Amino acid sequence: MATNCKKTKMEQKVRVRFAPSPTGPLHMGGVRTALFNYLFARKQGGEFLLRIEDTDQTRYVPGAEDYIIESLKWCGLIPDEGVGFGGDFGPYRQSERKAIYKDYVDRLIESGNAYYAFDTPEELDALRGEAEKSQTVFSYDTHTRSRLQNSLTLPDEVVKKKIADGRPWVIRFKMPEQTDVIEHDLIRGEVKFNTAQLDDKVLFKADGMPTYHMANVVDDHLMQITHVIRGEEWLSSMPLHILLYEALGWSGNRPQFAHLPLILKPAGKGKLSKRDGDKMGFPVFPLQWKDPDSGEISRGYREDGYFPEAFINMLALLGWNAGTEQELFTIGELIDSFSLDRVVKSGARFDPEKAKWFNRHYLHQKDDQQLAELFKKQLAAKNIVTDDVRLNRIVGLIKDRCTFPSELWEHGFYFFEAPECYDEKTIIKKWKEDTSGKLLAVAEFFKDLEQWDAESVKEAFSVFMNAREWNFGMVMVPIRLALVGSSQGIDLFVIFELIGKEETIRRIERAVARINGLPQLQ
RNA sequence: GGCCCGUUCGUCUAGGGGUUAGGACGCAAGAUUUUCAUUCUUGUAGCAGGGGUUCGAAUCCCCUACGGGCUACCA
């Protein structure tokens, strides 16, 4: 039988979590964190959980939790456990785990790793203000705690009395003096901190809720999390968390850490924020979000016409690469090739143009039928009905010109209705004195044609043109103008076929009548 | 200010002692499409600076600069 009594970390099943707080809509950076957790879990055959970190009652935003869940679903990042997904380690909402945390904080008090502090927020603010005057920063730490009001400085009876009297208190972590905390971050390598630089963080708040640090460590332990994969903004609290695991006696079995680089603004300074999106015209949220207070609406990738697979593919490549030249990945391929050691260390500026490129690619890949379904809805909104075969064909012809499904109309409207106006530049350039006469002659010629498929018309038309020795460009462009309203669009003969003989002739005659009356021709 | 992290084309990145420093987005040009777009081809542009170590540094070390994060009874 096995002589090694302890299961090594290698044998432990990988469990990772995405742990957002419901303080507003999920940022695309948050989605990327969720994605990397998801990919890692899938690659390792582990589990991916969703935990809602709602320990700050004051910042709770109604609807945010549902938004997070819906976003993950849209992205296809379905948790194995968590709020809204079941699981054996619940509850997965920290507000519902309130009772659990107090025990562990008490343990820390008993073991001398934490202490009660009675200083009021006002007192602390005053100290911060004073420190600022002398160009320093106040910190509740190994140097200052002996001068403050806490169970380290006050006699036992006084402490007990204050608590019994219902005086508000918090519990702070007692940071060890002058100790190096060294940790191997899975992305950054060795990172070193000294506790002399760290402060005595509040673990338990006056309102009876734990702070992020406490709840996070306790839950990660209880939920048997093996890898903490989170944003770089948490790197500085890693030593606190490590010390907390130690103080709780869990250091032999604690998770490993991986801190992801941040997503930065496309231009200028700082990390990507909601404002950048508004200013530069791209979404920063996966789904549209309506602020419950202001009613202000922020756009979402979904509503802007991005495909989830494009959004995910784009996000995956922001701070990670496979080490090959491959850039287009299905979710399965991402899972296969994902590894934390190929995550980049430096922050990545977000490029909205590249996001569009990904979407264009995925749109072009869609089969015509799928796109036709989307297009059909747009057409229905305009009360346009057409048969599926024709619609599929049209979609197939115009999809290469689109980045978003919403552009289908812009690039294909002329199959459904005549243009309302004609591009002025094209008129000036191509509509000469004899153009009207030529077009009318073409229309007459069309009237006698029996065969109306693109090939036949093209053949007959060429014969017609050659017989007259007319310049193709000087006739084709005006016809296109008549049918489409501009010099754009797919192959002209295919347009003839798809809008039909009658309509083609009608539009040519209509354009001649209208353009001839235009002032720029006078 | 203090602590921590980072720095290769405009942007995302490969490259980890000897490479013509590779790819992608963007941009530009050409080809094709009798238009426009697509597509294809080509081009454009980079190792933050300074010191070391070394026969040799984008690559290792140090300093500086710059960027980022944290520094709440927020996460």
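Definitions and cut-offs
Residues numbered from 1 in each chain as written. Chains lettered and ligands numbered in written order. Predicted model: local features only at pLDDT ≥ 70, side-chain atom pairs only at ≥ 80, totals over all residues. Heavy atoms only, no water. Helix = DSSP H or I, 4+ residues; strand = E, 2+ residues; numbered from the N terminus. Rg over C-alpha atoms; globule rule 2.2 N^0.38 Å. Areas by Shrake-Rupley, 256 points an atom, 1.4 Å probe, with all protein chains shown as cover. Lys, Arg positive; Asp, Glu negative; His and termini not counted. Charge placed at Lys NZ, Arg CZ, Asp CG, Glu CD. Axes fitted to C-alpha atoms, helices over the stretch in contact; angles between N-to-C directions. Parallel < 35°, antiparallel > 145°, perpendicular 65-115°, else oblique. Left-handed = near helix turned anticlockwise from the far one by under 90°. Contact = heavy atoms within 4.5 Å. Nonpolar A, V, L, I, M, F, W, Y, C, P; charged D, E, K, R; others polar. Near = heavy atom within 4 Å. Polar contact = N/O pair within 3.5 Å; in protein donor to acceptor, adjacent residues only side chain to side chain. pLDDT = per-residue confidence, 0-100. Salt bridge = Lys/Arg side-chain N within 4 Å of Asp/Glu carboxyl O. Buried < 20%, exposed > 50% of the residue type's maximum accessible area, 1.4 Å probe, protein only. Pairing = 2+ DSSP bridges. Patch = residues over 30% accessible without salt bridge, like charges linked within 9 Å, V, L, I, M, F, W, Y side chains within 5 Å. Phe/Tyr/Trp six-rings, centres within 6.5 Å; stacked < 30°, edge-to-face > 60°.

A.B. asks: What should I look at first to understand the overall build of chain A in this one?
C.D. replies: Secondary structure summary: chain A contains 20 helices and 14 strands in total. Relative to the 2.2 N^0.38 estimate, which gives 24 Å for 522 residues, the radius of gyration of chain A is 33 Å and therefore markedly larger than a compact globule would have. Viewed in the frame of its principal axes, chain A has a C-alpha envelope of about 110 × 65 × 35 Å. Carbon and sulfur atoms provide 49% of the accessible area of chain A, an area that totals close to 25,500 Å². Across chain A, 70 positive and 79 negative side-chain charges occur, with their mean positions spaced 2 Å apart.

A.B. asks: How do you make sense of the packing of helix H6 (residues 212–222) against helix H7 (residues 238–247) when you look at a structure like this?
C.D. replies: When two helices pack together, their arrangement is given by the angle between their axes and by how far apart the axes lie. Packing of H6 against H7 brings their axes to within 10 Å, and their N-to-C directions diverge by 55 degrees. Considered as vectors, H6 and H7 are oriented oblique to each other. Pair H6 / H7 crosses with right-handed handedness. Each of Tyr212, His213, Asn216, Val217, Asp220 and His221 in H6 lies in contact with H7, whose residues at this interface are Leu240, His241, Leu244 and Tyr245. Residue composition of the contact of H6 with H7, grouped by class: five nonpolar, four polar and one charged.

A.B. asks: Whenever I open this one, the protein's contact with RNA strand B confuses me. Can you help?
C.D. replies: Taken together, 57 residues sit near RNA strand B, with Ser21, Glu327, Arg401, Phe472 and Ser487 positioned nearest. Among all atoms of RNA strand B positioned within 4 Å of the protein, those belonging to sugar or phosphate total 71%. The separation between a sugar or linking oxygen of RNA strand B and a polar side-chain atom of Ser236 is 3.4 Å. Contact between RNA strand B and Asn321: a sugar or linking oxygen at 2.8 Å from a side-chain N or O atom of the residue.

A.B. asks: Where do I start with the confidence of the model for chain A in this structure?
C.D. replies: The predicted coordinates ought not to be read in detail in places where the model reports low pLDDT. Summary statistics for chain A give a mean pLDDT of 93 and a share of 97% for residues scoring 70 or more. The ipTM value of the predicted complex is 0.95, and its pTM value is 0.93.

A.B. asks: Please explain unusual backbone geometry as it appears in this structure.
C.D. replies: Leaving glycine aside, a negative phi is the common case for residues, and trans is the common case for peptide bonds. Looking along the chain, the bond that leaves Gly90 and enters Pro91 is cis, with omega of -5 degrees. Topologically, Pro91 is positioned in the loop between strand E3 (81–82) and helix H3 (98–110). A positive phi angle, near 55 degrees, is found at Gln224, a position not held by glycine. Position of Gln224 relative to the elements: it lies in the loop between H6 and strand E9 (227–231).

A.B. asks: Please explain the pattern of salt bridges as it appears in this structure.
C.D. replies: Note on pairing: side chains with opposite charge can pair once their charged atoms come close. With the rule as written, the count across this model stands at 38 salt bridges. Residue Glu53 pairs with Arg51 through a salt bridge whose shortest N-O separation is 2.8 Å. Take Arg51: its relative accessible area is 1%, and that puts it in the buried class. In this structure, Asp219 and Arg51 form a salt bridge, with 3.9 Å as the shortest nitrogen-oxygen distance. Within this pair, whereas Asp219 is found in helix H6, its partner Arg51 is found in the loop between strand E2 (47–50) and helix H2 (64–75), the two being separated by 168 residues in sequence.

A.B. asks: Would you explain the sheet that holds strand E8 (residues 202–204) in this entry?
C.D. replies: The strands that make up a sheet are held in pairs by hydrogen bonds between backbone atoms, and each pair lies either parallel or antiparallel. With antiparallel pairing, the three strands of this open sheet are ordered in space as E4-E5-E8. Edge positions in the sheet fall to strand E4 (114–117) and E8, since each has one partner strand and no second. Direction aside, the axes of adjacent strands within the sheet are offset by 45 degrees on average. For strand E5 (residues 170–173) and E8, the ladder comprises two bridges, and the chain directions are antiparallel. Bridging from a neighbouring strand, Ile171 pairs with Phe204 of E8.

A.B. asks: How should a negative patch on the surface be read in this particular structure?
C.D. replies: Negative charge collects at one region of the surface, where Asp453, Glu455, Glu459 and Asp491 lie side by side. Locating Glu459 in the fold gives a position in helix H17 (residues 454–468).

A.B. asks: I would appreciate a short explanation of the packing of aromatic side chains in the present structure.
C.D. replies: Aromatic ring pairs: the centre-centre distance and the angle between the two ring planes describe each pair. Scanning all chains against the criterion turns up 34 aromatic pairs. Both rings, one in Phe446 and one in Phe461, keep their centres 6.2 Å apart while their planes meet at 45 degrees; by these two values the pair is tilted. Of this pair, Phe446 sits in helix H16 (residues 435–447) while Phe461 sits in helix H17, placing them 15 residues apart in sequence. Look at Phe446 and you get buried, because its relative accessible area is 0%.

A.B. asks: Would you take a moment to explain the side chain of Thr435 for this structure?
C.D. replies: Inspection of the secondary structure puts Thr435 in helix H16. Taking relative accessible area as the criterion, Thr435 reaches 3% and is therefore assigned buried. Looking at Thr435, its side chain comes within polar contact range of the main-chain nitrogen of Lys432, at 2.7 Å. Those residues in contact with Thr435 that lie beyond four places of it in its chain are Lys430 and Pro478.

A.B. asks: Just to check I follow, could you spell out the side chain of Ser486 for this structure?
C.D. replies: Looking at the element boundaries, Ser486 is found in the loop between helix H18 (472–484) and helix H19 (492–499). Within the structure, the side chain of Ser486 is placed 3.2 Å from the backbone nitrogen of Gln488, a separation counted as a polar contact.

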